[in-house]
Number of protein chains: 2
Amino acid sequence: MKILHHPDREEIHLSSVLYALSDPLRLHLVATLYKEGERACGDIEVPVVKSTLSHHARTLRESGVIYVRAQGTQRILSVRTEDLNARFPGLLESVLHAYEISGDTSEIFSCADMKK
Amino acid sequence: MKILHHPDREEIHLSSVLYALSDPLRLHLVATLYKEGERACGDIEVPVVKSTLSHHARTLRESGVIYVRAQGTQRILSVRTEDLNARFPGLLESVLHAYEISGDTSEIFSCADMKK
DNA sequence: TCTGTTGTTCGAATGTATTCGAACAATAGA
DNA sequence: TCTATTGTTCGAATACATTCGAACAACAGA
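Residues numbered from 1 in each chain as written. Chains lettered and ligands numbered in written order. Predicted model: local features only at pLDDT ≥ 70, side-chain atom pairs only at ≥ 80, totals over all residues. Heavy atoms only, no water.

**Q** Can you help me understand the interface of chain B and chain A in this one?
**A** Residue-level contacts link 22 residues of chain B with 22 residues of chain A. Together chain B and chain A conceal approximately 1,800 Å² of surface at their shared face, both sides included; 64% is due to carbon and sulfur atoms. Contact with chain A buries surface across chain B, with Leu14, Ser15 and Leu18 of chain B losing the most and accounting together for 26% of the total. Taken together, the connections running from chain B to chain A amount to 4 residue pairs in polar contact (both at pLDDT 80 or more). Take the side of chain B that touches chain A: its biggest share by element is 7 residues, from helix H5 (residues 91-102) of chain B. The class makeup of the residues in the side of chain B that touches chain A is 13 nonpolar, 6 polar and 3 charged. (Contact = heavy atoms within 4.5 Å. Buried area = accessible area lost by both parts, 1.4 Å probe. Polar contact = N/O pair within 3.5 Å; in protein donor to acceptor, adjacent residues only side chain to side chain. Helix = DSSP H or I, 4+ residues; strand = E, 2+ residues; numbered from the N terminus. Nonpolar A, V, L, I, M, F, W, Y, C, P; charged D, E, K, R; others polar.)

So this is what it looks like as structure tokens:
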């Protein structure tokens, strides 16, 4: 099993975190993990194929937002809540709260922005 | 003078705001405006030419992060603090606080990530 | 009206993101 | 060992971002 790189707490950069969270699908992913706890990739309902989901999970992992561990053939994803709160106090909470009240929580499942 | 479009408060989207703030130069810009109040483009020290600055200001304006008004030949930029706080309570403050304590505040002036 | 200042827009060059399907790898379980 | 499950990596297609310089537009002030 190949080792998955996770940045150390001090190596987590604000710009990278904001960028990682700026994609609606990734934000949905993080909100789901935050609310419902750790999850395997396959157990999260997203409107993309698995290779795309894997790509987004990688972006989130490399930015320091999520932790990924192997369990059999599965990859268990979880939010690095403690690390993020230590590095950027209040940030995660305010972003996810903003997400909940924003009304954009179903955005990724809509057809409004489909290709013409 | 051409009118500059600003999204209404309700039209401000979290993903767009996070994306706008995920660029180190734009984040520096917003932090400066937030700390020191409104500013003309030319009065902000940034390591890019004016056309690039104009592009970033546009990105911030269209995402709803800043307000731009004309004053003579100048464009006065300011953070839409009230609108952002109303739409996403605590978000702006936690992002800018995170920025201040992150140690990345001089990132955009460094040569570490110059082209090889 | 002429000139300098301040920004915007355009075009081009370069780089990066997003998405998919196909091929691959690792593991669990029969 | 064989097979099905789960996810990663690769290659290709497409789209978008970033940056610069040049040309342009709007305005202030002489």
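**Q** Would you take a moment to explain the protein's contact with DNA strand D for this structure?
**A** As a matter of local geometry, DNA strand D sits amid 23 residues, with Lys50 and Ser54 of chain A together with Tyr19, Thr52 and His56 of chain B nearest to it. Sugar and phosphate atoms form 65% of the subset of DNA strand D atoms that lie within 4 Å of the protein. Interatomic distance of 2.4 Å between a side-chain N/O atom of histidine 56 of chain B and a phosphate oxygen of DNA strand D. When residues of the surface near DNA strand D are traced back to their parent elements, those giving at least two are helix H3 (50-63) and strand S3 (74-79) of chain A together with helix H3 (50-63) of chain B. Across the surface near DNA strand D, the residue classes break down as 6 nonpolar, 11 polar and 6 charged. (Near = heavy atom within 4 Å.)

**Q** Please explain the sheet that holds strand S2 (residues 66-71) of chain B as it appears in this structure.
**A** Each strand in a sheet pairs with its neighbour through backbone hydrogen bonds, running either in the same direction (parallel) or in the opposite one (antiparallel). If you trace the 3 strands from one edge of the open sheet to the other, you get S1-S3-S2 (chain B), paired in antiparallel fashion. Looking along the sheet, the strands with just one partner apiece sit at the ends: strand S1 (39-40) and S2 of chain B. (Pairing = 2+ DSSP bridges.)

**Q** Is there a simple way to explain the packing of helix H1 (residues 14-21) of chain B against H3 of chain B in this structure?
**A** When two helices pack together, their arrangement is given by the angle between the helix axes and by the axis-to-axis distance. Residue and element names in this part refer to chain B. Where H1 meets H3, the closest approach of the two axes is 9 Å, and the angle between their N-to-C directions is 160°. Between H1 and H3, the crossing angle belongs to the class labelled roughly antiparallel. For the pair H1 and H3, the crossing hand works out as left-handed. Here H1 contributes Ser16, Val17 and Ala20 to the contact with H3, which in turn contributes Thr59, Leu60 and Ser63. Taken together, the residues that form the contact of H1 with H3 break down as 3 nonpolar, 3 polar and no charged. (Axes fitted to C-alpha atoms, helices over the stretch in contact; angles between N-to-C directions. Parallel < 35°, antiparallel > 145°, perpendicular 65-115°, else oblique. Left-handed = near helix turned anticlockwise from the far one by under 90°.)

**Q** What exactly am I supposed to notice about the packing of aromatic side chains here?
**A** Aromatic ring pairs: the centre-centre distance and the angle between the two ring planes describe each pair. Tallying each qualifying case throughout the model produces 1 aromatic pair over all chains. Plain terms: the ring middles of tyrosine 19 of chain A and tyrosine 19 of chain B are 6.2 Å apart, the flat faces sit at 55° to each other, and that makes the pair tilted. Here tyrosine 19 of chain A is found in helix H1 (residues 14-21), whereas its partner tyrosine 19 of chain B is found in helix H1 on a different chain. Looking at tyrosine 19 of chain A, the relative accessible area reads 40%, which means it is partly exposed. (Phe/Tyr/Trp six-rings, centres within 6.5 Å; stacked < 30°, edge-to-face > 60°. Buried < 20%, exposed > 50% of the residue type's maximum accessible area, 1.4 Å probe, protein only.)

**Q** Is there a simple way to explain the environment of leucine 91 of chain A in this structure?
**A** Considering the arrangement of structural elements, one finds leucine 91 of chain A in helix H5 (residues 91-102). Here the alpha-carbon distance between leucine 91 of chain A and leucine 14 of chain A, two residues 77 residues apart in the chain, equals 9.7 Å. Apart from residues lying up to four places away in sequence, leucine 91 of chain A is in contact with Leu14 and Val17 of chain A together with Ser94 and Val95 of chain B.

**Q** I tried to follow the protein's contact with DNA strand C on my own but got confused; where do I start?
**A** The local shell around DNA strand C holds 23 residues, among which Tyr19, Thr52 and His56 of chain A together with Lys50 and Ser54 of chain B are the closest. Counting only atoms of DNA strand C within 4 Å of the protein, the sugar-phosphate share comes to 65%. Here a phosphate oxygen of DNA strand C sits 3.4 Å away from a polar atom, N or O, in the main chain of valine 49 of chain A. A distance of 2.4 Å separates a phosphate oxygen of DNA strand C from a polar side-chain atom of serine 54 of chain B. Put simply, the parts of the chain that give the surface near DNA strand C at least two residues each are H3 of chain A together with H3 and strand S3 (74-79) of chain B.

**Q** Can you help me understand the environment of arginine 87 of chain A in this one?
**A** Residue and element names in this part refer to chain A. Note on placement: arginine 87 falls in helix H4 (residues 81-87). C-alpha of arginine 87 to C-alpha of proline 47: the two residues are 40 residues apart in sequence and 32 Å apart in space. Polar side-chain contacts of arginine 87 include one of 3.3 Å to the backbone oxygen of arginine 9. At 2.8 Å, the side chain of arginine 87 and the backbone oxygen of isoleucine 12 are in polar contact.

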